[in-house]
Amino acid sequence: MANSFSKEERVAFEQILEGFQDALVLSKNVGIYTTDQVMMERTNDVIWRPMPYIGESIDAAPGVDISASYKSYTQLAVPSSISFSKAVPFTLNALELRDALQEDRLGAAAKQKLASDINIAIMNVASAQGTLVVKRNLAATGYDDVAQADAIMNEQGVPDYERTLALSSRDYNGMANDLSKASRSFGNEKSDSAYERSRVGMVAGFETLKLDYANRLAAAGGGAGLTISTLDGAANYLVPAATSTSVGGQINVDNRYQTVTVSSTTGVAAGDAFTIAGVDAVHHITKQSTGQLKTFRVISVTNGTTMVISPGIISNQVVSDASAQYQNCIVTPDATAAIVFLNVKAAYANPFWQRDALELLPGRYAVPSDAGTAVMRGTTDNGIELVMQKFYDINTMTTKYRCDTLFGVVNKQPEMSGIILFGQF
């Protein structure tokens, strides 16, 4: 006969689920996509999610024939996978179970760790793949730091709503310190919150969050003389494509990345941020130059002269419908365009994003409830499932517990997310 949960354990699980939901801070600020779990099992837990279209308009006065102006659209998609499987196992023997509080404490610890795992996964994806890079020479001081993130997003046509900025504790408190002094008159809610609780709140269109853990980006180790060709050669720019044809037929293409050849990759590492001389960012809708250099990230280093970067250099140098639609930069061709790294000092990579850029994919375990193990499950408001199981071993008088969650995180649009680096003097 299967073990069953006591009433006290059911109450404890409900409290664990409630706390688990409250602790999912970052997941409340990203998109949620619920998948069909049967389909996901049949596709190896991978689903391709569409990137947003970018429309094009033409001048069309009344009566003007526009029959030659019709163009096809290329739908781009990115692979999203449910690839994070996190569990917290623990045991309690018959003597330890005499103190019922031990079970509550261990359950609370499991909840805290699983929620932390989800938050960390979102932070890792956002900080490693976001391509909008704001370099600040000094430590975090306040409004102007966040305003630069607002500016780079606005210039490139990123929607101006549901923006989030997650800051390391030191950088967040640096901003709170500025706010506590900027309008020093107690009774001012913004100043009081900053002084009393180190709370920053909404700044320059971003909802700010404080991280008690944050990824650090090491100083770039690449040489100062690193160059790349931006001439009109086929390998020097990316032409977006929905699919490609291989021996096995048509397969989807992930257009977030491009493999490029540079003069040397010695010292270059994944995560490095850089600009390319003569490659300016454009507004993604109007295609007008922002007058600012486009920022890129290193995703991986392949060999001594080849690396994978994001985003791809979509310059429309050789005109095509797809390149015109998704153009993200304007290039002044140069055989030896200089690469300049932005992360010149080790610093926290403070991620910021627009909600539609990041997506959380809740998963689900099909745990049998009649196989001799007691099973309880609950789902948070954003679809994340928490499963708790209990199994008693009569030989050792030990009860095994485990709490599990299954999920995936994807950065659908790296050009709608980025990082702020402080102290880059």
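As shown above, the structure is provided for reference.
Residues numbered from 1 in each chain as written. Predicted model: local features only at pLDDT ≥ 70, side-chain atom pairs only at ≥ 80, totals over all residues. Heavy atoms only, no water.

Chemist: What am I meant to see in the overall build of the chain here?
Modeler: Helix and strand counts for the chain stand at seven helices and 25 strands. In the chain, which comprises 425 residues, the proportion classed as buried is 47%. Partitioning the contacts of the chain with sequence separation of at least 6, the portion at a separation of at least 24 is 76%. Total accessible area on the chain stands at roughly 20,100 Å², and carbon and sulfur atoms take up 52% of it. (Helix = DSSP H or I, 4+ residues; strand = E, 2+ residues; numbered from the N terminus. Buried < 20%, exposed > 50% of the residue type's maximum accessible area, 1.4 Å probe, protein only. Contact = heavy atoms within 4.5 Å. Areas by Shrake-Rupley, 256 points an atom, 1.4 Å probe, with all protein chains shown as cover.)

Chemist: What exactly am I supposed to notice about the packing of aromatic side chains here?
Modeler: Two descriptors summarise a pair of aromatic rings, namely the distance from one centre to the other and the angle between the planes of the rings. Under the definition given, this model contains five aromatic pairs. Between Phe 206 and Phe 352 the ring centres are 5.9 Å apart and the planes differ by 90°, which places this aromatic pair in the edge-to-face class. On the criterion of sequence distance, the pair formed by Phe 206 in strand S8 (residues 206-211) and Phe 352 in strand S20 (residues 350-354) is long-range, its members being 146 residues apart. For the pair formed by Phe 206 and Phe 352, the shared burial category is buried. Taken together, Phe 274, Phe 296 and Phe 341 form an aromatic cluster joined through their ring pairs. A cation sits over an aromatic face here: Arg 49 above Tyr 33, 3.6 Å from the ring centre. Taking NZ or CZ as reference, Arg 216 lies 4.8 Å from the ring centre of Tyr 348, over its face. (Phe/Tyr/Trp six-rings, centres within 6.5 Å; stacked < 30°, edge-to-face > 60°. Lys NZ or Arg CZ within 6 Å of the ring centre and 35° of its normal.)

Chemist: Would you take a moment to explain the pairing of strand S21 (residues 358-362) for this structure?
Modeler: The element S21 is extensively covered by neighbouring structure, given that five of its five residues are classed as buried. Side chains Leu 358, Leu 360 and Pro 362 of S21 all project onto a buried face; the interleaved residues Glu 359 and Leu 361 project onto the opposite face, where all are buried too. Note that strand S1 (residues 31-32) and S21 share two bridges and pair parallel. Along S21, the bridge assignment pairs Ile 32 with Leu 360. (Pairing = 2+ DSSP bridges.)

Chemist: Any chance you could explain the sheet that holds strand S5 (residues 132-135) here in plain terms?
Modeler: Strand order in the open sheet formed by six strands is S5-S25-S20-S6-S8-S7, and the pairing between neighbours is mixed. For this open sheet the edge positions go to S5 and strand S7 (202-203), each flanked by a neighbour on one side alone. Sheet topology note: the strand S6 (residues 163-168)/S20 ladder contains three bridges and is antiparallel. Each bridged residue has a counterpart across the sheet, and for Leu 165 the counterpart in S20 is Phe 352. Against the sheet, helix H4 (residues 143-155) contacts S5, S6, S7, S8, S20 and strand S25 (417-421), and its axis sits at roughly 150° relative to S5. (Axes fitted to C-alpha atoms, helices over the stretch in contact; angles between N-to-C directions.)

Chemist: Please explain the nonpolar core as it appears in this structure.
Modeler: Most often, soluble globular proteins keep nonpolar side chains buried together rather than apart. Counting residues in each nonpolar core, the largest one holds 33 residues, and the members touching the most others are Phe 20, Leu 26 and Ile 118. Where this core is concerned, the elements lending two or more residues are helix H1 (7-23), strand S4 (84-93), helix H3 (100-129), S8, S21, strand S23 (385-393) and strand S24 (398-411). Here this core takes nine residues from H3, the largest share from any one element. When neighbours within four sequence positions are excluded, Ile 118 is seen to be in contact with Phe 20, Leu 24, Ser 27, Leu 360, Ile 384, Thr 405 and Phe 407. Counting 21 residues, the second largest nonpolar core, distinct from the first, contains Ala 140, Val 146, Leu 165 and Val 203. (Core = buried A, V, L, I, M, F, W, Y, C linked by side-chain atoms within 4.5 Å.)

Chemist: In this structure, what is going on with a nonpolar patch on the surface? I would like to understand it.
Modeler: Together, Tyr 392, Ile 394 and Met 397 make up an exposed nonpolar region whose accessible area comes to about 320 Å². Inspection of the secondary structure puts Met 397 in the loop between S23 and S24. (Patch = residues over 30% accessible without salt bridge, like charges linked within 9 Å, V, L, I, M, F, W, Y side chains within 5 Å. Salt bridge = Lys/Arg side-chain N within 4 Å of Asp/Glu carboxyl O.)

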